[in-house]
Amino acid sequence: MKSFFFVGGVLLILFGYFGLNYSGFCFAEMRYLSKEEKIRAVFDYLNSRDTLPLDNAPDPKHVKDKSFDGYNLAHIKYKSFDEHIALYPECCSVNPGGGYEVPPVNFLDRIFGYDSGDVVVINFQVRYLDENGSLKTVENRFDSYLQNCGKPQ
């Protein structure tokens, strides 16, 4: 009878841990992240890159290399997420539906916390200078998964 309670207790703890991971709980901070925190994490990751992959490059003169089955464009970074959201308030959402450009979530990644199951969609306005030095923008959609504590995949 004691071994039954011991095994039952261990299983209960494991199911609780895996269940919280599956639901997107961040154990490092002992809380769930808000939608804004998830969007900021993906935005900060995209904005920190020197080049961004684009499906349709605006002008081949600005292309650094051809990879990702598209183009990479050197972009002018935003000062902060607040600057971008002030200019483009409808740019970002979490789990908007309608299909995504990322593969389906792996069950094991969910229960171990490597994937929160949420998809952050950002219509990122990539800024660059044209050959005349004028500031131009081109919109590119980025769909990203996050780990439970906000690290983009």
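Here, the structure is the one placed above.
Residues numbered from 1 in each chain as written. Predicted model: local features only at pLDDT ≥ 70, side-chain atom pairs only at ≥ 80, totals over all residues. Heavy atoms only, no water.

Let's shift gears to unusual backbone geometry. Positive phi, normally seen in glycine, also occurs at Met30, with a value near 55°. The residue Met30 is located in the loop between helix H1 (2-22) and helix H2 (35-48) in this model. Judged by its relative accessible area of 56%, Met30 is exposed. With a phi close to 50°, Asn95 is a non-glycine residue in the positive phi region. (Helix = DSSP H or I, 4+ residues; strand = E, 2+ residues; numbered from the N terminus. Buried < 20%, exposed > 50% of the residue type's maximum accessible area, 1.4 Å probe, protein only.)

Further remarks concern the state of the cysteines. Applying the stated criterion across every chain yields a total of two disulfides. Paired by a disulfide, Cys26 and Cys149 hold their sulfur atoms 1.9 Å apart. The sign of the 100° torsion about the S-S bond sets the Cys26-Cys149 disulfide as right-handed. Taken as a pair, Cys26 in the loop between H1 and H2 and Cys149 in the segment after strand S5 (135-145) lie far apart in primary sequence, 123 residues in all. Under the relative-accessibility criterion, Cys26 is labelled buried at 0%. Judged by relative accessible area, Cys149 falls into the partly exposed class, the value being 36%. Paired through a disulfide, Cys91 and Cys92 show a sulfur-sulfur distance of 2.2 Å. (Disulfide = S-S within 2.5 Å.)

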